[in-house]
Amino acid sequence: MGNQIAVDATIMDNVVLGDNVTIGKGALIYPNVVIGDNVFIGAYCIIGEPTMGYYKNTSNHIFAMTKVGKNSIIRANTTIYENVIIGESFQTGHHVTIRENTKIGKNCSVGTLSDLQGDIEIGDFVRLHSNVHIGQLTKIDDYVWIYPYVVTTNDPYPPMGNLVGSHICQFAQIATGATILPGKTIGENALVGAGSLVTKDVPPEIVVVGVPAKERGSVKDIKDDAGNNVYPWKDYLKQNRGYPWQTADMFDEGKV
Amino acid sequence: MGNQIAVDATIMDNVVLGDNVTIGKGALIYPNVVIGDNVFIGAYCIIGEPTMGYYKNTSNHIFAMTKVGKNSIIRANTTIYENVIIGESFQTGHHVTIRENTKIGKNCSVGTLSDLQGDIEIGDFVRLHSNVHIGQLTKIDDYVWIYPYVVTTNDPYPPMGNLVGSHICQFAQIATGATILPGKTIGENALVGAGSLVTKDVPPEIVVVGVPAKERGSVKDIKDDAGNNVYPWKDYLKQNRGYPWQTADMFDEGKV
Amino acid sequence: MGNQIAVDATIMDNVVLGDNVTIGKGALIYPNVVIGDNVFIGAYCIIGEPTMGYYKNTSNHIFAMTKVGKNSIIRANTTIYENVIIGESFQTGHHVTIRENTKIGKNCSVGTLSDLQGDIEIGDFVRLHSNVHIGQLTKIDDYVWIYPYVVTTNDPYPPMGNLVGSHICQFAQIATGATILPGKTIGENALVGAGSLVTKDVPPEIVVVGVPAKERGSVKDIKDDAGNNVYPWKDYLKQNRGYPWQTADMFDEGKV
């Protein structure tokens, strides 16, 4: 199938479009952007937005490559900077900002109003909900979920600017409104409660809650209203959310 | 008076415009949108934004109806999805997102950057300030005010996805930065203090404060700096904010 | 050098452009806007956005002057209202909103998604990071830094609307996620910790932390990991961040 490019979109030099790409109304694609097959770029998205050097020497700025993987949906009003590499089956909400020097794996999503500040590394199957703020130098491993109004910070003595990023390990869950102080590690399968202020590393499979956040035992002790175990969530997730292990499980259970 | 449609706006098929409608620069109106008389749609607004099914079958997607009631002002860069029904005299700020399956009554306002996640029911005269996040399945009754950076959550055991919404009863006030955990009820005339984490239901006319939020007595015991009662606020509001009972009162008091 | 105006930008009557101005794709400049030399206005920015009176009488609305000082960079999707006066070398991120009756000094920056609610006075060299919410009537002195998800509130008894602003004194640092209650003063060189709820005035050079925020001693007692003093930060800042005293110091130290 051919590409559909809105008449008022602007596509600059050296842009590579795959097959079956849609570019929405008024979208602006800067040079050296590579867009995979079946990608949908919504209205007024900006892809390949230039970094600071551009403003100092507009006509000679060399744009670093930005790639959006195949089968991605970039919703209206999302801005993605130059030097961002994103894997396949990516999705954004609206008014998302993804700054330079960011690498995002496959099957990730970033919700409305989320702001990735650049110099960030994100694994596969990571879900950032709406209005998440990921500070520079944050590293997020596979299968992490982060909920609204979570902030990962990076300057221990502001405004000194000696930044240290935090590290969110695989399968961790960081609930709404939690703030992670600079340089902290959230362990694998850990759960950070809503509104918590994380001032220390969180060990794997531990729940922390409060301001400042304190340990409240193992995630394995959490039971839902029916008395069933819930965490580590990989073992208990019933809904089909497209995880690679689910298809197999659901086949086993006869659900597919 | 005739309508004023910007030359670079896009209006798709089966859009119904009332009288005296203004459609701003670059606005994008999808099919099956109904816009009432005297409505102002600001620059780069998107009305009737399609839901997920659209991306799977773009050319055959059937848009559910979206209505914006008469005398509304939708400010620049607001995005409203399909299947949203909004009453008269509605207002938004900028960069607002209102997702599908949402019903909003009359005389409501939603401030800049607020994000309504869909499957939401909102009564009349509700005021959401800037940067409010309303989770799916939230129900908000008449005359509620919610202030910046409040979040209503809905997943008790993330990311299980067994969502339960919260219910904010009429005249309740939820101050800046409060987080409401899934399924909680905030009673009529209750007051949730700034920065609170609401982990239990809040009874009517009760003040709660803190992380986690604890009861601090009746709203009737709160007095302002001059020693006057302030709550329930309906009884004490002196400013004319356009409430239906105010016109009558002000006539009684000779102010109108 | 001449100006570069995108073909699909809209520039209304009585707009004054300096030399070497760039106006990006689809930008919308309302009447009575004055833009200084070397200013870059990004794609889809709106400058001079009208206030409420416009909607009541569109054709006769008199736009108050808005000025953007020379050498400023206004990034894509920023909206600046009428009656905003901004000094030279200003910068914004994306999706910024600056409402009416706001005065901002020189060498300031306002990050992505920040929302200045109007009736605000900001000094020189002030840095607002991403997603900062500055309530009406807030006064911010020179050299203040405010970090993500900070909110300055203004209504002591919501929704009464008897607003009182807060005052942030020079060199103060307000860390991520802090909420400042109405009418509070944050003293010179004070440090408000991440996630704090400020319910009382903070004296100069004092650290406060917690919900509610409590005094934790002098900023002079804070040492970094190497055991060095860090605050007042003006005395210890090693990085060149463009402050007026730095050039002189760096000359003294032979760094320039």
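Sequence order as written defines residue numbering, which begins from 1 separately in each chain. Throughout, the order in which chains and ligands are written sets their labels, letters from A for the former and numbers from 1 for the latter. In keeping with the model being predicted, local features are shown solely for residues with a pLDDT of at least 70 and side-chain atom pairs are shown and tallied solely at 80 or more, while totals for entire chains, interfaces and linings include all residues. Calculation of side-chain values draws on the structure's entire complement of heavy atoms; hydrogens and water are dropped beforehand.

Attention now goes to the interface of chain A and chain C. The interface of chain A with chain C comprises 37 residues on the first partner and 35 residues on the second. Summed over both partners, the interface of chain A with chain C comes to about 2800 Å²; 63% of that surface belongs to carbon and sulfur atoms. Here the quantity called buried area is the accessible surface, traced with a 1.4 Å probe, that two parts lose on coming together, added over both. When the area that chain A buries against chain C is broken down by residue, the three leading residues are Tyr157, Pro159 and Met160 of chain A, summing to 24%. Basic side-chain nitrogens of Lys or Arg form a salt bridge, by our definition, when they fall within 4 Å of a carboxyl oxygen of Asp or Glu. Our enumeration of links across chain A and chain C arrives at 0 salt bridges. We call two N or O atoms a polar contact when they sit within 3.5 Å, provided that within protein one can donate a hydrogen and the other can accept it, with sequence-adjacent residues counted only if both atoms are side-chain atoms. Where chain A touches chain C, the interface holds 12 residue pairs in polar contact (both at pLDDT 80 or more). Here a strand is any run of E in DSSP of at least two residues, a helix any run of H or I of at least four, and the numbering for each starts at the N terminus. Secondary-structure elements contributing two or more residues to the side of chain A that touches chain C are strand E8 (46-49), helix H1 (53-56) and strand E11 (79-81) of chain A. In the side of chain A that touches chain C, the residues fall into 21 nonpolar, 13 polar and 3 charged. Two residues qualify as a contact provided that any one of their heavy atoms is within 4.5 Å of a heavy atom in the partner residue. The classification used treats Ala, Val, Leu, Ile, Met, Phe, Trp, Tyr, Cys and Pro as nonpolar, Asp, Glu, Lys and Arg as charged, and all other residues, Gly among them, as polar.

Take chain B, turn it by 120°, move it 0.0 Å along the axis, and it overlays chain A with an RMSD of 0.0 Å. The symmetry that links the two subunits is that of a three-fold axis. Of the interface residues in chain B, just 19% have counterparts in chain A that sit at the interface too, so the contact is made through distinct surfaces. A least-squares superposition brings the copies together, and it is based on the C-alpha atoms of residues with pLDDT no lower than 70 in both.

Moving on to the interface of chain B and chain A. Facing the 37 residues of chain B at the interface are 35 residues of chain A. Here chain B and chain A share an interface that buries about 2900 Å² over both sides, 63% of which is from carbon and sulfur atoms. For the chain B face of the interface with chain A, the top three residues by lost area are Tyr157, Pro159 and Met160 of chain B, together amounting to 24%. At the boundary of chain B and chain A, one finds 0 salt bridges. On inspection of chain B and its partner chain A, the count reaches 12 residue pairs in polar contact (both at pLDDT 80 or more).

Let's shift gears to the side chain of aspartate 155 of chain B. With respect to the helices, strands and loops of the structure, aspartate 155 of chain B is situated in the loop between strand E23 (151-152) and strand E24 (167-168). Remark: exposure states derive from per-residue accessible area (1.4 Å probe, protein chains only) relative to the maximum for the residue type, with buried under 20%, exposed over 50%, and partly exposed in between. Charge convention: Lys and Arg are scored as positive, Asp and Glu as negative, and His as well as the terminal groups of each chain are ignored. The buried charged residue aspartate 155 of chain B lacks any salt bridge, with arginine 241 of chain A as its nearest oppositely charged partner at 4.8 Å. Polar side-chain contacts of aspartate 155 of chain B include one of 2.9 Å to the backbone nitrogen of glycine 161 of chain B. Among all residues touching aspartate 155 of chain B, those that are not within four sequence positions of it are Met160, Gly161, Asn162, Leu163 and Pro182 of chain B.

What follows deals with the relation of the copies chain A and chain C. Relative to chain C, chain A is turned by 120° and slid 0.0 Å along the rotation axis, the superposed coordinates differing by an RMSD of 0.0 Å. With a heterologous cut-off of 20% or less, the 19% of interface residues of chain A that recur at the interface of chain C puts this contact in the heterologous class.

Below, the discussion takes up the sheet that holds strand E17 (residues 115-116) of chain C. Residues and elements named next belong to chain C. Read from one edge to the other, the open sheet built from 10 strands follows the order E2-E5-E8-E11-E14-E17-E20-E23-E26-E29, with strand pairing classed as parallel. For this open sheet the edge positions go to strand E2 (10-11) and strand E29 (197-198), each flanked by a neighbour on one side alone. Bridge analysis of strand E8 (residues 46-49) against strand E11 (residues 79-81) gives 3 bridges, and the strand direction is parallel. Looking across to E11, one finds that glutamate 49 is bridged to tyrosine 81. Only strands joined by at least two bridges in the DSSP assignment are considered to pair.

Here the focus is the pairing of strand E31 (residues 214-218) of chain B. All names here are of chain B. Of all 5 residues in E31, 0 are buried; the element is thus mostly exposed. Taken together, the 3 bridges between strand E30 (residues 206-209) and E31 define a ladder with antiparallel strand orientation. Of the residues in E31, the one forming a bridge with valine 209 is lysine 214. Hairpin geometry of E30 and E31 is characterised by an intervening segment of 4 residues between the two adjacent antiparallel strands and by a positive phi of about 110° at glycine 210.

Attention shifts here to the sheet that holds strand E20 (residues 133-134) of chain A. Residue and element names in this part refer to chain A. Spatially, 10 strands are ordered E2-E5-E8-E11-E14-E17-E20-E23-E26-E29 in an open sheet, and the strand pairing comes out parallel. The open sheet has two edge strands, strand E2 (10-11) and strand E29 (197-198), and neither has a second partner. Bridging between strand E14 (residues 97-98) and strand E17 (residues 115-116) involves 2 bridges; their strand directions are parallel. Following the sheet pairing, threonine 97 is matched in E17 by aspartate 115.

Attention shifts here to the confidence of the model for chain A. The score called pLDDT rates the predictor's confidence residue by residue, from a low of 0 to a high of 100. Put simply, chain A has an average pLDDT of 95, and 96% of its residues get 70 or more. Here the predicted complex scores 0.96 on pTM and 0.95 on ipTM.

On to the environment of aspartate 119 of chain C. Residue and element names in this part refer to chain C. Looking at the element boundaries, aspartate 119 is found in the loop between E17 and strand E18 (120-122). With relative accessibility at 33%, the residue aspartate 119 sits in the partly exposed group. In this structure the C-alpha to C-alpha distance between aspartate 119 and glycine 42, which are 77 residues apart in sequence, comes to 25 Å. Sequence-distant contacts of aspartate 119, defined by excluding residues within four places in its chain, comprise Glu100, Asn101, Thr102, Gln136, Leu137 and Thr138.

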